[in-house]
Amino acid sequence: MSVSLLAGLLIAASPVAAQELHPDSVRPAVVERWRAGGWPDRVVLTPGADPAREMAVAWRTDPRQTTARAELVVDDGGPDIEDAAQRIEGRTTELSTPLGVARYHQVRFTDLTPDTAYAYRLRGADGWGEWRSFRTAAAEARPFRFVYLGDLQNDVLEVGARAVRQAWRTAPDAALVVHAGDLVQQRDGDPHDAEWGEWTEAGGALLASLPQIPAAGNHEYLETRTADGDTDYTRLGPHWPVQFALPDNGATGAQATSYLVDHQGVRFIVLDTTSALNFGTLEAQRDWLRAALDSAGDRWKIVVMHHPVFSCGRNYEPTRIRSTFRPVLESHGADLVLQGHDHCYSRASDPDAGPVEAGRTRSLDGPVYVVSIAGGKMYPLNPQSATQADVRIGDTQLFQIVDLTPGRLSFHAFDATGRIRDAFEIERSTEGRSLIDRQPSAATDPAPSD
């Protein structure tokens, strides 16, 4: 059966008008599968600025559930937990898309006890959802690991989900997940509700039990095309502010999409480069980044941003991003910069000096810059990355696991089959910081340590 015939049959069978369906969303039962219902779905846990004491959760229901209502309890491991549960209410937002009207709910869990297991459940019109669990961070610096994912974006459930699920199998004890933007493909004025359904299904229970730290990419914004064919970004997509209950501590003009989180001796600083490039917040975010780095103390400093400082995919140079953020990152102590957008993998530790030799150690004056891709859309490697990057990989779905102790950051990049493709360590001491190259060809034991 042809794609056009299949699309016609789907549209004819659906109560949603044909013009409301995006042409890229030709999938069996695409409409009914992603409609909101009477039970909580699209559940996403996010950290507070201090995840030892605060977490937040967002979820979706159909319009019958008019209030945001959750229950929370310290999880003692037994089944009879609801008797001690605390009822918590939050805020509700109605969202209308071509797939129907839904309500998104958000609740904040505050005054939590550090390093403690909690259980929570959420309310829908048809009843309470299942009990879900999370653990707060420790109040002090302790070793932990997290997962880092580049753009999922295209064919999220069909292709991207295998990288997400392989990451969870590889690091079942991860404490949180970092996303470098372009979670979905939406871009042309249509909020693409079905794609957000794919994204939350791909993550599954992972999204509801591990705090998620997402950066907004350009595909989190809606856009139009100008007469000369250029992109004109119009506004942040409607799903972002309702799907993610993020800390309110970001840069002026980009409060919804820039923020920082301090987790067990690590400061995560999240920038919004689309807002910086298109909505006049470049200087405000630069100044906020500088202050966030300076006030981080002796924590590890990890910056998350969508557009890269050094590009590996397509033949272009991100000159405004580089000229604005690179001086701050390098002079104010950033350790690691996690990026997406380019649909390829690269790791650069001193782009001006060229690649470090495999298996060697390099003194670091600035951060290590990493670009990665988890989804199925790939771009060809560009010529400049051959001289700027220590390692570059094309046409490969990847996920990364980062292990941290007070003195060492260990980074491992895996492909979607679980095979290791790159590895390095950053070691810091009173003498400064060093990069130790652990590429698989040079590593004696490339697997992450417990």
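Above this note sits the structure.
These numbers come from a predicted model, not from an experiment. (Residues numbered from 1 in each chain as written. Predicted model: local features only at pLDDT ≥ 70, side-chain atom pairs only at ≥ 80, totals over all residues. Heavy atoms only, no water.)

Draft legend 1. Region of the structure containing the packing of aromatic side chains. For the coordinates displayed, the defined rule picks out 16 aromatic pairs. Here the aromatic rings of Y221 and Y233 are separated by 6.5 Å at their centres, their planes lie at 80°, and the arrangement is edge-to-face. Of the two residues, Y221 sits in strand β13 (residues 221-225) while Y233 sits in strand β14 (residues 231-236), which places them 12 residues apart along the sequence. Taken individually, Y221 and Y233 each receive the classification buried, so the pair is uniform in this respect. On the basis of an interplanar angle of 20° and a centroid distance of 4.6 Å, the ring pair of F411 and F424 is categorised as stacked. Residue F411 is located in strand β24 (residues 408-415), and its partner F424 is located in strand β25 (residues 420-429); the two are separated by 13 residues in the primary sequence. F411 sits in the buried class, given a relative accessible area of 0%. For F424, a relative accessible area of 0% puts it in the buried group. Cation over ring: R428 sits above W300, and NZ or CZ is 4.1 Å from the ring centre. (Phe/Tyr/Trp six-rings, centres within 6.5 Å; stacked < 30°, edge-to-face > 60°. Helix = DSSP H or I, 4+ residues; strand = E, 2+ residues; numbered from the N terminus. Buried < 20%, exposed > 50% of the residue type's maximum accessible area, 1.4 Å probe, protein only. Lys NZ or Arg CZ within 6 Å of the ring centre and 35° of its normal.)

Draft legend 2. Quick peek at the sheet that holds strand β12 (residues 212-214). As summarised here, the arrangement of the eight strands in space is β12-β11-β10-β23-β24-β25-β26-β20, forming an open sheet in which the pairing is mixed. Of all strands in the sheet, those with a lone pairing partner are β12 and β20 (361-364), marking the two edges. Ignoring strand direction, the axes of neighbouring strands in this sheet form an average angle of 20°. Bridge count for β20 against strand β26 (residues 432-437) is four bridges, and the pairing is antiparallel. Bridged to S363 within β26 is S434. Against the sheet, helix α3 (residues 156-170) contacts β10 (144-149), β23 (398-405) and β24, and its axis sits at roughly 30° relative to β23. (Pairing = 2+ DSSP bridges. Axes fitted to C-alpha atoms, helices over the stretch in contact; angles between N-to-C directions. Contact = heavy atoms within 4.5 Å.)

Draft legend 3. Structural context of the environment of G37. On the secondary structure map, G37 appears in the loop between α2 (30-33) and β1 (41-47). On the accessibility criterion, G37 (25% relative accessible area) is partly exposed. Sequence separation of G37 and P98 is 61 residues, and the distance between their C-alpha atoms is 15 Å. Residues contacting G37, with those up to four places away along its chain left out, are T61 and D62.

Draft legend 4. Examining the packing of α3 against helix α4 (residues 193-203) more closely. Put simply, α3 and α4 touch, their axes get as near as 8 Å, and they point 25° apart. With respect to each other, α3 and α4 are oriented roughly parallel. α4 is crossed by α3, and the crossing has right-handed handedness. Residue-level inspection shows V156, L157, E158, A161, V164, R165 and W168 of α3 in contact with α4, the latter providing E198, W199, E201, A202 and G203. (Parallel < 35°, antiparallel > 145°, perpendicular 65-115°, else oblique. Left-handed = near helix turned anticlockwise from the far one by under 90°.)

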